[in-house]
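Here are the chains, one letter per residue:
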Amino acid sequence: MEKELYDFKCALEATIIAMQKAGTIKSFYEMTEFTEKDQWIKDYITKTGVDFLVNQPIGDEEFRVNNGLFQQRAPGLSQELYIDFRLFETLVRGHLNDGYTIMKVSFREITDSTISDFSRMMPEENQLLLKSIKGYLYATLSFHEAADTTRLDKHYFVFNLDTYYEVNVNQLGDFNGTNLGRTLTDASSDAYVANSIRYDLILVKQYIDRIHMYLEGCLGKNVIRIDFIPCIGKKKTVSFGAGKESVYLATMPADSNKQLFSADFPYYDQGSLEP
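Source: prediction; values computed, not measured.

**Here we look at the packing of aromatic side chains**
Reasoning step 1: Counted by the stated rule, this structure contains 14 aromatic pairs.
Reasoning step 2: For the ring pair Tyr207 and Tyr268, a centre distance of 5.2 Å and an interplane angle of 70° mean the geometry is edge-to-face. Here Tyr207 is found in helix 10 (residues 201–218), whereas its partner Tyr268 is found in strand 10 (residues 267–268), with 61 residues between them in sequence.
Reasoning step 3: Joined through ring pairs, the aromatic side chains of Phe88, Phe118, Tyr138, Phe157, Phe159 and Phe228 make up one cluster.
Reasoning step 4: The ring of Tyr100 is capped by Arg151, whose NZ or CZ atom sits 5.4 Å from the centre of that ring.
Reasoning step 5: Taking NZ or CZ as reference, Arg225 lies 4.0 Å from the ring centre of Tyr82, over its face.

Below is the structure:
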């Protein structure tokens, strides 16, 4: 019986993912006439979380168009940007257990000065990795708790590295004032670029759980990293309500050969843009 229930859940997930990728999940969920099977799917969505399953995934066509806009308007400004999946899970679960509720990905431009400032904390191999992304879009990962001002924000270098390093964010400066920040501002039809993307940490944990359950559990995939792929599109923002056009990051798990699991999993945009 337990295996039958697990197989049934895998089948539900596969059906939902197909609709997420086709961009039809919202219209399906809002239907007023449906079959018994449709009701099972809707009940599963409601129980799992409408925001997580309906509002946050990006359809494949929307991703294709928005990633294409980035490549067209900001050519040559990105190379692979990823986080090791196990490191990502360790940071997310650890900070969630410590009482943090918000995660942010903040855009950065790596310069010679940045590498010099932080070189003492990392071996030469990781210094070289940072040097390789100089002039390209980079980011830091941070954790926050808005309701508790006594809890210190935590900021990390972890993208494209084999471990994570806590950093003093004051040494990194304002992204909008960098050459890369100005270039990406010009790439937006609203002349806007977000400094960071804000995520609900409990939903990030749910995203990790879904990878374990469906990709690894149902399909037997071996997820090694999470790729963060730059796009340009109109997304929800903290300050502007309906949203302005800006660079944002779509996520997709990948294997050890850097092959995205895009045939089996939806692109996600879980965050809201912050000025």
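Anyway, onward from the coordinates.
**As for unusual backbone geometry**
Reasoning step 1: Even without being a glycine, Asn160 presents a positive backbone phi close to 65°.
Reasoning step 2: Checked against the element boundaries, Asn160 lands in the loop between strand 5 (154–157) and strand 6 (165–166).
Reasoning step 3: Under the relative-accessibility criterion, Asn160 is labelled buried at 9%.
Reasoning step 4: Positive phi outside glycine occurs at Lys258, with the angle close to 70°.
Reasoning step 5: Tracing the chain through its elements places Lys258 in the loop between strand 9 (241–254) and strand 10.

**A short note on the state of the cysteines**
Reasoning step 1: In the structure shown here, the tally under the stated rule is one disulfide.
Reasoning step 2: Residue pairing for Cys10: its cysteine sulfur links by disulfide to Cys218, the two sulfurs lying 2.0 Å apart. Looking along the S-S bond of the Cys10-Cys218 disulfide, the torsion reads about -80°, which is the left-handed sense. Of this pair, Cys10 sits in helix 1 (residues 2–22) while Cys218 sits in helix 10, and the two are 208 residues apart along the sequence.
Reasoning step 3: We classify Cys10 as buried; its relative accessible area is 12%.

**Structural notes on the side chain of Lys21**
Reasoning step 1: Assignment of secondary structure puts Lys21 in helix 1.
Reasoning step 2: Separated by 2.4 Å, the side chain of Lys21 and the backbone oxygen of Ser262 make a polar contact.
Reasoning step 3: Ignoring sequence-local partners within four residues, the contact set of Lys21 consists of Gly59, Asp60, Ser262, Ala263, Phe265 and Pro266.

**Some remarks on helix 6 (residues 85–97)**
Reasoning step 1: Between its first and last C-alpha, helix 6 extends 18 Å over 13 residues, near the 18 Å set by a 1.5 Å rise per residue.
Reasoning step 2: For helix 6, the capping residue at the N-terminal end is Asp84, with a side-chain oxygen 3.0 Å from the backbone nitrogen of Arg86.
Reasoning step 3: Gly99 sits one or two residues past helix 6 and shows a positive phi near 100°.

**What to know about the nonpolar core**
Reasoning step 1: Counting residues in hydrophobic clusters, the biggest one holds 83 residues, and the most contacted among them are Met103, Leu141, Phe157, Phe159 and Leu184.
Reasoning step 2: Take this core: its biggest share by element is nine residues, from helix 10.
Reasoning step 3: What Leu141 contacts, discounting residues up to four positions off in sequence, is Ile83, Phe88, Leu91, Met103, Lys104, Val105, Lys154, His155, Tyr156, Val158 and Phe159.

**Considering the pattern of salt bridges**
Reasoning step 1: A full pass over the atoms with the stated rule returns 16 salt bridges.
Reasoning step 2: Its salt-bridge partner being Arg210, residue Glu13 comes within 2.8 Å of it at the nearest N-O pair. One end of the pair, Glu13, is in helix 1; the other, Arg210, is in helix 10, with 197 residues separating them in the sequence. By the burial criterion, Glu13 is buried, and Arg210 matches it.
Reasoning step 3: One network of salt bridges, in which partners are shared, links Arg86, Glu89, Arg93, Lys205, Asp209 and Glu216.

**Thoughts on the environment of Lys42**
Reasoning step 1: Mapped onto the secondary structure, Lys42 falls in helix 3 (residues 36–48).
Reasoning step 2: Counting along the chain gives 14 residues from Lys42 to Phe28, while the straight-line C-alpha distance between them is 8.5 Å.
Reasoning step 3: With residues up to four places along the chain from it excluded, the contact list for Lys42 reads Phe28, Tyr29, Met31 and Phe34.

Rules of the game
Residues numbered from 1 in each chain as written. Predicted model: local features only at pLDDT ≥ 70, side-chain atom pairs only at ≥ 80, totals over all residues. Heavy atoms only, no water. Phe/Tyr/Trp six-rings, centres within 6.5 Å; stacked < 30°, edge-to-face > 60°. Helix = DSSP H or I, 4+ residues; strand = E, 2+ residues; numbered from the N terminus. Lys NZ or Arg CZ within 6 Å of the ring centre and 35° of its normal. Buried < 20%, exposed > 50% of the residue type's maximum accessible area, 1.4 Å probe, protein only. Disulfide = S-S within 2.5 Å. Polar contact = N/O pair within 3.5 Å; in protein donor to acceptor, adjacent residues only side chain to side chain. Contact = heavy atoms within 4.5 Å. Expected span 1.5 Å × (residues − 1). Core = buried A, V, L, I, M, F, W, Y, C linked by side-chain atoms within 4.5 Å. Salt bridge = Lys/Arg side-chain N within 4 Å of Asp/Glu carboxyl O.

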